[in-house]
Amino acid sequence: HHREMGDRCEYPPCGKPASLVCPTCTKLGLPPSRFCSQECFRHAWKEHKKVHALVTHAKPLDTLPPIFRGYPFTGPLRPAYVSPIRSVPPTIAAPDYATTGDPISEKTSKAAGRIEVLSPEDIEKMRTVSRVRCLGREQSLLSGHLIDPSVGTRSD
């Protein structure tokens with residue numbers, strides 16, 4: 001790799017004329033990053049390798065949806081895969097807002113626009129139910145560690 005006029009070492013405190021080119025940048029097809037010595041290259045490596053990570057973690061352009069192919073992205077972010085729209089089976093009842101987008105049932109509900117004030121007894125009942133549900137969840141999480149796919153549930 002030869003040195004061109006104006007090429008300076010990319011290690012910030014240095015700035016001397018550079019004659020070495022980062023081989024990883026060359027391999028990845030990036031513009032050449034130049035350094036004056038192996039020592040400067042080693043000092044700059046911690047920050048410089050982040051450039052390589054951006055390129056190697058970027059999504060390949062051929063996996064992009066067709067609408068984004070050829071778009072001049074400036075960073076590593078790419079649009080995520082969007083799966084095809086799935087239909088809801090006719091056996092599942094659709095809410096009223098599924099077709100119009102207008103939640104009429106919620107607007108006409110007795111609770112619409114109303115905040116229910118609970119009595120101290122009702123508040124205590126809610127707390128009790130909440131504790132029981134948390135306990136049940138905890139039991140469920142603990143029992144999950146005891147389950148093994150090789151163990152059956154039959155006792156015969």
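Please refer to the structure higher up on the page.
A.B. asks: Can you walk me through the overall build of the chain in this structure?
C.D. replies: Each helix and strand in the chain was counted, giving five helices and two strands. N-terminal to C-terminal, the α/β element order of the chain is β-α-β-α-α-α-α. Here the chain, with 156 residues, has 12% of them falling under the buried criterion. Sequence separation of 24 or more characterises 24% of the internal contacts of the chain that already satisfy a separation of 6 or more. A total of about 13700 Å² of accessible surface is found on the chain, and carbon and sulfur atoms cover 60% of it.

A.B. asks: Which parts of the structure should I look at to understand the pattern of salt bridges?
C.D. replies: Two side chains that carry opposite charge are able to pair once their charged atoms sit near each other. Within this structure, the stated rule accounts for six salt bridges. Linking Lys125 and Asp122 is a salt bridge whose minimum nitrogen-to-oxygen distance equals 4.0 Å. With Lys125 and Asp122 both in helix α5 (residues 120–144), this residue pair falls three residues apart, about one helical turn. Residue classification places Lys125 among the exposed residues on the basis of a relative accessible area of 54%. Arg131 is the salt-bridge partner of Glu124, the closest N and O atoms lying 3.4 Å from each other. One connected set of salt bridges, linked through shared partners, spans Glu124, Arg127 and Arg131.

A.B. asks: I would appreciate a short explanation of the side chain of Ser33 in the present structure.
C.D. replies: With respect to the helices and strands, Ser33 occurs in the loop between α1 (23–28) and β2 (34–35). A residue is classified by how much of its surface remains accessible, and Ser33, at 8% relative accessible area, is buried. Beyond its immediate stretch of four places on either side in the chain, Ser33 contacts Glu10, Leu20, Val21, Cys22, Cys25 and His48.

A.B. asks: How should I be thinking about the state of the cysteines in this particular structure?
C.D. replies: Disulfides are covalent bonds that link the sulfur atoms of two cysteine residues. This model, assessed by the stated rule, comprises zero disulfides. Just so you know, Cys22 is unpaired, no disulfide at all, and the nearest cysteine sulfur is the one on Cys25, 3.7 Å from it. Owing to a relative accessible area of 1%, Cys22 belongs among the buried residues under this scheme. No disulfide involves Cys36; its sulfur sits 3.5 Å from that of Cys14, the nearest cysteine.

A.B. asks: Would you mind going over the packing of aromatic side chains with me for this structure?
C.D. replies: Here a ring pair, both rings aromatic, is described through the centre-centre distance and the interplanar angle of the planes. A full pass over the atoms with the stated rule returns three aromatic pairs. Ring centres of Phe35 and Phe41 lie 5.0 Å apart, and the angle between their planes is 65°; on these two criteria the pair is classed as edge-to-face. Note on Phe41: relative accessible area 17%, which makes it buried. Consider the rings of Tyr71 and Phe73, whose centres lie 4.9 Å apart with planes at 65°: the pair is edge-to-face. With relative accessibility at 51%, the residue Tyr71 sits in the exposed group. Among the aromatic residues, those joined into a ring-pair cluster are Phe35, Phe41 and Trp45.

The rules behind these values
Each chain has its residues counted from 1, following the order in which its sequence is written. Reporting in this predicted model follows two pLDDT cut-offs: at least 70 for local features of residues, and 80 or more for side-chain atom pairs to be given and counted; totals over whole chains, interfaces and linings ignore these cut-offs and use all residues. In computing side-chain properties, one takes all heavy atoms of the structure into account and sets aside hydrogens as well as water. Secondary structure counts use DSSP, requiring at least four H or I residues in a row for a helix and at least two E residues in a row for a strand, with both numbered from the N terminus. The buried label applies to any residue whose accessible area, calculated with a 1.4 Å probe on protein chains only, is under 20% of its type's maximum; exposed applies above 50%, and partly exposed to all values in between. In this description, contact between two residues means that some pair of their heavy atoms is separated by no more than 4.5 Å. Calculation of accessible area relied on Shrake-Rupley with a 1.4 Å probe; when residues are assessed, cover is drawn exclusively from the protein chains displayed. By definition here, a salt bridge exists when the distance from a side-chain nitrogen of Lys or Arg to a carboxyl oxygen of Asp or Glu is within 4 Å. The disulfide criterion used throughout: a pair of cysteine sulfur atoms within 2.5 Å. Ring geometry is summarised as follows: Phe, Tyr and Trp rings, the Trp one being its six-membered ring, pair when their centres sit within 6.5 Å, and such pairs are stacked at plane angles under 30 degrees, edge-to-face over 60 and tilted between the two.

Fair warning: the whole summary comes from geometry, so function is off the table for now.
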